[in-house]
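Geometric and topological summary
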Amino acid sequence: MHATLQHQTISTNGINEHVVSAGPESGRLLIFLHGFPEFWYGWRKQIDFFANLGYRVLAPDQRGYNLSDKPKGLFAYHLDELAKDIVGLIDAAGREQALIVGHDWGAAVAWWLGIKHAARVEKLAVLNAPHPKIMRQYLFNNAAQRRKSWYMFFFQLPRLPEWRFAKDNWAIGARALTKTSRPGTFGEADLAQYRAAWSQPGAATGMINWYRAALRRQPKLSGHVAIRVPTLLLWGARDRFLGREMAQPSIALCEQGRLVMIEEASHWVQHEEAEKVNALLLEFFELAAS
């Protein structure tokens, strides 16, 4: 049964975010955070599942993406601001805490919430993204990971990345999804949804500015970086962007952490292995409630 999706605009941290919500308002609050180059739609298989189980699900287009505001300037895309956006969504829902699930860049925001706003996080689930400290170490000290992350450096150029991204009806974005995932993961109807999101005015720059801010305005990681909230790290082992060797050091920074390596999945684990991911998340959440 498909859950009823509500589209709303929520004011948070000085911007307006487009948020898809589902499930009873009285349910446990569960927020899904997408990565690049996705938007709320990347969680559609999880939204239905958890809303039908009685969770109150929110899936925002994060700032810079799709129908959400796209503030100008690199500082607007600093991890501190991205995390405050989600704290604002928790506040808008009238809650003290939320279950947080993030993938890719959304996982970077999730990690940052666990570091800087732990009191607002009931449980933290991360899909295919290392702890920020580990990512920084590998990006600058590991040649193999630098090769995998070549696009992060290309995105530092002005204007050219946006032009290249939009060229030939967003062909490079479509290939980024279809050529690095299992065959059939993203169909033509899905790609039409993504192209529509990428085509929103200012979206290409907003999306790429996340990468520009990450390298030019790196977040400060001094002091306590361990994750104290219960944490589940799910990792598709066939990820072509992020090396699996970063997973174990990341979970080692979690005081209550569990790592599950999904050998048959790629970077797009919640799409390819939706049933397995949903079951693992549900088990994790229900243990948290006991």
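Note that this is a predicted model, so its numbers are computed, not measured.

1. With respect to the nonpolar core
Counting residues in hydrophobic clusters, the biggest one holds 101 residues, and the most contacted among them are I31, I100 and L281. Contact partners of I100, with chain neighbours within four places excluded, come to I31, L33, I86, A110, L113, V121, K123, L124 and A125.

2. Some points on the environment of Y138
Of note, Y138 is situated in helix α4 (residues 132-141). Along the primary structure Y138 and L160 are separated by 22 residues, whereas in three dimensions their C-alpha atoms are 26 Å apart. Discounting residues that sit within four places of it in the chain, Y138 has contacts with Q145, E245, M246 and P249.

3. Focus: the layout of surface pockets
Considered as a void within the structure, the largest pocket measures approximately 450 Å³ in volume. Lining the largest pocket are 21 residues; nearest its centre among them are W150, Y151, I172, A176 and F241. When residues of the lining of the largest pocket are traced back to their parent elements, those giving at least two are α6 (150-154) and α7 (160-178). With seven residues, the single largest contributor to the lining of the largest pocket is α7. Here the lining of the largest pocket is composed, by residue class, of 13 nonpolar, three polar and five charged.

4. Some words on the packing of α7 against helix α8 (residues 188-198)
At a closest axis distance of 10 Å, the pairing of α7 and α8 adopts a crossing angle of 130°. With respect to each other, α7 and α8 are oriented oblique. Crossing geometry of α7 relative to α8 is assigned as right-handed. Listed contacts from α8 to F165, N169, W170, G173, A174, L177 and T178 of α7 are L191, Y194, R195 and W198. Looking at side-chain class alone, the contact of α7 with α8 contains seven nonpolar, three polar and one charged residues.

5. Quick notes on a nonpolar patch on the surface
The grouping of L157, L160 and W163 at the surface amounts to a nonpolar patch, some 300 Å² of accessible area in total. If you trace the backbone, W163 turns up in helix α7.

Basis of the calculations
- Residues numbered from 1 in each chain as written.
- Predicted model: local features only at pLDDT ≥ 70, side-chain atom pairs only at ≥ 80, totals over all residues.
- Heavy atoms only, no water.
- Core = buried A, V, L, I, M, F, W, Y, C linked by side-chain atoms within 4.5 Å.
- Buried < 20%, exposed > 50% of the residue type's maximum accessible area, 1.4 Å probe, protein only.
- Contact = heavy atoms within 4.5 Å.
- Helix = DSSP H or I, 4+ residues; strand = E, 2+ residues; numbered from the N terminus.
- 1 Å grid on protein atoms, 1.4 Å probe; cavity = no way out; pocket = protein on both sides within 12 Å on 5 of 7 lines; lining within 4 Å.
- Points joined across faces, edges and corners; volume = space filled by probe spheres on them.
- Nonpolar A, V, L, I, M, F, W, Y, C, P; charged D, E, K, R; others polar.
- Axes fitted to C-alpha atoms, helices over the stretch in contact; angles between N-to-C directions.
- Parallel < 35°, antiparallel > 145°, perpendicular 65-115°, else oblique.
- Left-handed = near helix turned anticlockwise from the far one by under 90°.
- Patch = residues over 30% accessible without salt bridge, like charges linked within 9 Å, V, L, I, M, F, W, Y side chains within 5 Å.
- Areas by Shrake-Rupley, 256 points an atom, 1.4 Å probe, with all protein chains shown as cover.
- Salt bridge = Lys/Arg side-chain N within 4 Å of Asp/Glu carboxyl O.

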